[in-house]
Every structure is written in structure tokens, then in C-alpha cells.
Amino acid sequence: MKKYTIISLGCPKNLVDSEIFAANAEAAGLQYTEDISQANFIIINTCGFIEDAKQESINTILAASQYKNSAEHPKLIVTGCLVKRYLPDLQKALPEVDHFVQLKDFSYFSQLLNSKNTNKRKLLTSNHYAYLRISDGCNNFCSYCAIPYIRGRLQSKPIPELVEEAKILAKQGVKELIITAQDTTLYGTDLYGEPKLVALLEKLEKIDGIEWIRLFYLHPAHITSAIIDKIASSPKILNYFEIPLQHINDEILLSMNRKVTRNRIEEIITEIRTKIPEAVIRTTFIVGYPGEDEAKYNELKEFILTNEFERIGVFTYSPEEGTPAYSKKTQIDSEIAETRKDEIMSLQQPISERILSHFVGKKMKVLIDGPATESNFILEGRSYLDGPEIDGKVLLTEGKAEAGEIVDVEIIDNWEYDLIGKIVK
Ligand code: SF4
């Protein structure tokens, strides 16, 4: 039987596309292999939204093309956001690619494999957690972001289709459903004329088998008390708020077209901390954005030190042609941006360690992911604090459990970003 492998780069939204490409490959009779040297078809789903991601995509294509001379003489198929953004340049620069498939063009892909296309998904995550992409595209047009020009305007998926998709995932053993989009808070405005995230969550939390619902990409400009109250009252929706703030200085927020002010951001944080004291706030910041002088950077630093977020990610501004920020005169030197990123991450480390130390001696629910990457003799899992791939984890030094089980764990120690615990069934 012929085999395929798929390399999915970028964000969870892109991973959902990869899962549909994988299902189409299997509909064509191909068998999945993780071993690229065994593959007859190598599929790369690229990311193309910032410089580092673009470079990683190119490097991955070049590395994969090395296998073309192997006994299998694999076909190299490249798709994704980089293709959407730069197809003509890629066609010239990368003759080793056999087929370029446009973003989400599943029917052309299945034609290449002489097969009929499907919208099913073959999960590429572990079988016990999966992403539910509730919409694609974005109407926000933040000044630094190329995504609306790659993925287009907001397209929400109808509630009944999402409920059906989630039910299929639950039947496949998915316990943790991770809600993703470019902006989950605006879900439904294009389809129903008003945001429908809460209405959707009310349907999803009724699905048997789904035990945890985690929300990603809550845009601060569109977070409402109704969303916070829904999270606060739901037994299944985790007290985990992934809110990309990007900055805190009002001039920068305005220049970024984030449609939110420092005041409103602080109101949201206060409302969350008041209504859900054990809430986890994960956020991301961009440093080195045009116009971010020393004073504005210090304001951001102070804000991070004062608010003590459980989880943060920091990116350096990446000038992207075609975005409004690209032509701004007040560009910041990339070395300064790198220094600022490193400084904030070094300030965050002791904050994270102190926050995690508060869990020592406490009991928590942990979803087992499997043997730890550090050692096969211990297990690892995630608590409500940990989104997959982006946050920390819980290392389990005692007790047995299967991947996909949600177990009670007593926390006995912590590191900067991870907790250590023992299973107490
Ligand atoms: S919300 Fe802003 S940063 Fe996020 S995808 Fe939309 S335009 Fe880009």
C-alpha cells in the first residue's frame, strides 16, 4: 500500500486543514506514515504569516526534497498559506516541488490522487484532544497582520455543522475540545448578524464524551460579560482565557488597529479575576512595533510586571508587505526588538514559577497525554492551565493511567512552567 506523510506548520487553524488533506489522502487509499523516508507522497502544509514562519516553511520544503531521490521517489506536494501568498515566486524558486495545491483546495488535491474529495478529518493530534475551527478568515485587519489577505474575510461555520463535527470527534474519543479561529469572539457575526459564541458553547457543552472545552483567540475588543459569565458557570468550559493583547499603550493599540484601549483591557482583566479568581490568562505581546519608543516599551513592561499573567508569549514585530504597518516610518531596529523580547521573557520566568508554586499541595484534574518526552518511565499530562503545544505540562512521577484519561493529581512540586505531581485515583 502506498504511504503518505504530512507536515503541518503554523497554527491550529492550519492543522485542521492538514487533517482534511490527510483524510483525503486516506480516501485515496494511502496509508499514513510518520517516517518521511517511507512516504510515496510528502505533503507540506505551510505557514506564511510572518518572516520566521515563512523561513521555516521554505526550510521544511528543501529538507523534504532531499528524500526525492530515495527508493520511493516520493511526490512532494506543497499547500497552505505560503502558497496562497507567494505561488508565482515559489513555482520559480522551488522546481523540486511536484504539485502546489492552493490553500484549502481539497478537491484539486484529491484529483491529483485520482480520488473523490471528503471534508472528513483524520486527527493529527492525539486522539483525546482536537481543535474545532469555528470560523476562518478575519474582519479585524490589525495593521501588522497578513492573515485577512491570506485567509480572507470572516467565514463562520454554521452551528449545526459544528455540533455534528464535535459529536464525531467525541465518538472518536476526544475529551478536550479546543475552540479555535482567528477571532473566536466574533463567531457568527457574518452568518447570524450577531456574535454567537455563547450560543455555540451552550450546544457543545451538552455533547456526551466532551469533558473539557478550551477557548483560544479571544480578541480583547470583543470579549463580553456574557462570554465571561458563560465560562464562569460552565462545568466543562475551562477557566482558561487565551486573550492576545499584543500591547497596552493606547497609541500603539490604535496604530495596530486593535479596536481596544488600555482602560477596556484592564476592565476585562478585573472582571475575569473578580468573577473567576482561579482563572488562567494566557496572552501574547508584540515588541518592536513601529513607534514603540523606550517609554511605550517601559509601559508594557510595567503592565506585565503588575498584572502577573499565568502564561505569556512574546513576538518581535515582523514587517509584512501589504499590511498598513509595513510602510510606517517609525520602524524599530530588529536587535532592539529581540532584546525587548528576551527581557520580557526573563521577567516572566519568576512570575510563572511563583504562580505555579501556589498549586503545590493542591489536587487538580489532569488529562493524560502519554509517556513524558523527558523519560518513558513517567507520564505527562495537562491541567486546565495548559493548552497543548503552547503552555507547560504536568509531569507525573507516581501512578498509572492511559492517554486520554482525566485523573486526580496531587501537585508535589513545580518548575518555571511545569508542575510535578502524583496520580491519586
Ligand atoms: S485579529 Fe488581527 S491579528 Fe488576529 S488574525 Fe485578525 S487581523 Fe490578524
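Shown above is the structure to which this text applies.
Residues numbered from 1 in each chain as written. Predicted model: local features only at pLDDT ≥ 70, side-chain atom pairs only at ≥ 80, totals over all residues. Heavy atoms only, no water.

Caption draft 1: Representation of unusual backbone geometry in the model. Residues other than glycine seldom take positive phi values, yet Asn 114 does so here, at roughly 50°. With respect to the helices and strands, the residue Asn 114 is situated in the loop between α4 (106–112) and β6 (129–133). Assessed through its relative accessible area of 73%, Asn 114 is described here as exposed. Residue Lys 259 is not a glycine yet carries a positive backbone phi of 60°. Locating Lys 259 in the fold gives a position in the loop between α10 (250–255) and α11 (262–275). (Helix = DSSP H or I, 4+ residues; strand = E, 2+ residues; numbered from the N terminus. Buried < 20%, exposed > 50% of the residue type's maximum accessible area, 1.4 Å probe, protein only.)

Caption draft 2: Looking closely at the layout of surface pockets. Considered as a void within the structure, the second largest pocket measures approximately 520 Å³ in volume. What lines the second largest pocket is a set of 21 residues, and nearest its centre among them are Ile 20, Asn 119, Arg 121, Lys 157 and Glu 165. Among the secondary structure elements, those contributing two or more residues to the lining of the second largest pocket are α1 (12–27), β7 (135–136), β8 (155–156) and α6 (159–171). If you tally residues by element for the lining of the second largest pocket, the top one is α6, at five residues. Along the lines of polarity and charge, the residues of the lining of the second largest pocket split into seven nonpolar, five polar and nine charged. Three or more residues apiece are contributed to the lining of the second largest pocket by two domains, here domain 1 (3–112) and domain 2 (129–357). (1 Å grid on protein atoms, 1.4 Å probe; cavity = no way out; pocket = protein on both sides within 12 Å on 5 of 7 lines; lining within 4 Å. Points joined across faces, edges and corners; volume = space filled by probe spheres on them. Nonpolar A, V, L, I, M, F, W, Y, C, P; charged D, E, K, R; others polar. Domains from an automatic or database assignment.)

Caption draft 3: Local environment of the packing of aromatic side chains. With the rule as written, the count across this model stands at 13 aromatic pairs. The interplanar angle of 85° and the centroid separation of 6.4 Å between the aromatic rings of Phe 285 and Phe 303 together place this pair among those described as edge-to-face. Of this pair, Phe 285 sits in strand β12 (residues 280–287) while Phe 303 sits in helix α12 (residues 294–307), placing them 18 residues apart in sequence. Counting every residue linked through ring pairs, the aromatic cluster contains Tyr 129, Tyr 131, Phe 216, Tyr 217 and Tyr 240. (Phe/Tyr/Trp six-rings, centres within 6.5 Å; stacked < 30°, edge-to-face > 60°.)

Caption draft 4: Seen up close, the site of the ligand. Residues in contact with the ligand, as listed here, are Cys 138, Asn 140, Phe 141, Cys 142, Tyr 144, Cys 145, Ile 147, Pro 148, Gln 182, His 219 and Arg 258. In terms of residue class, the shell around the ligand is built from seven nonpolar, three polar and one charged. (Near = heavy atom within 4 Å.)

Caption draft 5: A look at the pattern of salt bridges. In this structure the tally under the stated criterion is 36 salt bridges. Here Glu 310 ties to Arg 273 by a salt bridge, and the two come within 3.0 Å at their closest N and O atoms. With Glu 310 in the loop between α12 and β13 (311–316) and Arg 273 in helix α11, this pair connects stretches of sequence that are 37 residues apart. Arg 340 serves as the salt-bridge partner of Glu 292, at 2.8 Å between the closest nitrogen and oxygen. With Glu 292 in the loop between β12 and α12 and Arg 340 in helix α13 (residues 334–357), this residue pair connects regions lying 48 residues apart in the sequence. Here Glu 292 matches Arg 340 in class, with each residue buried. (Salt bridge = Lys/Arg side-chain N within 4 Å of Asp/Glu carboxyl O.)

By themselves these figures say nothing about function.
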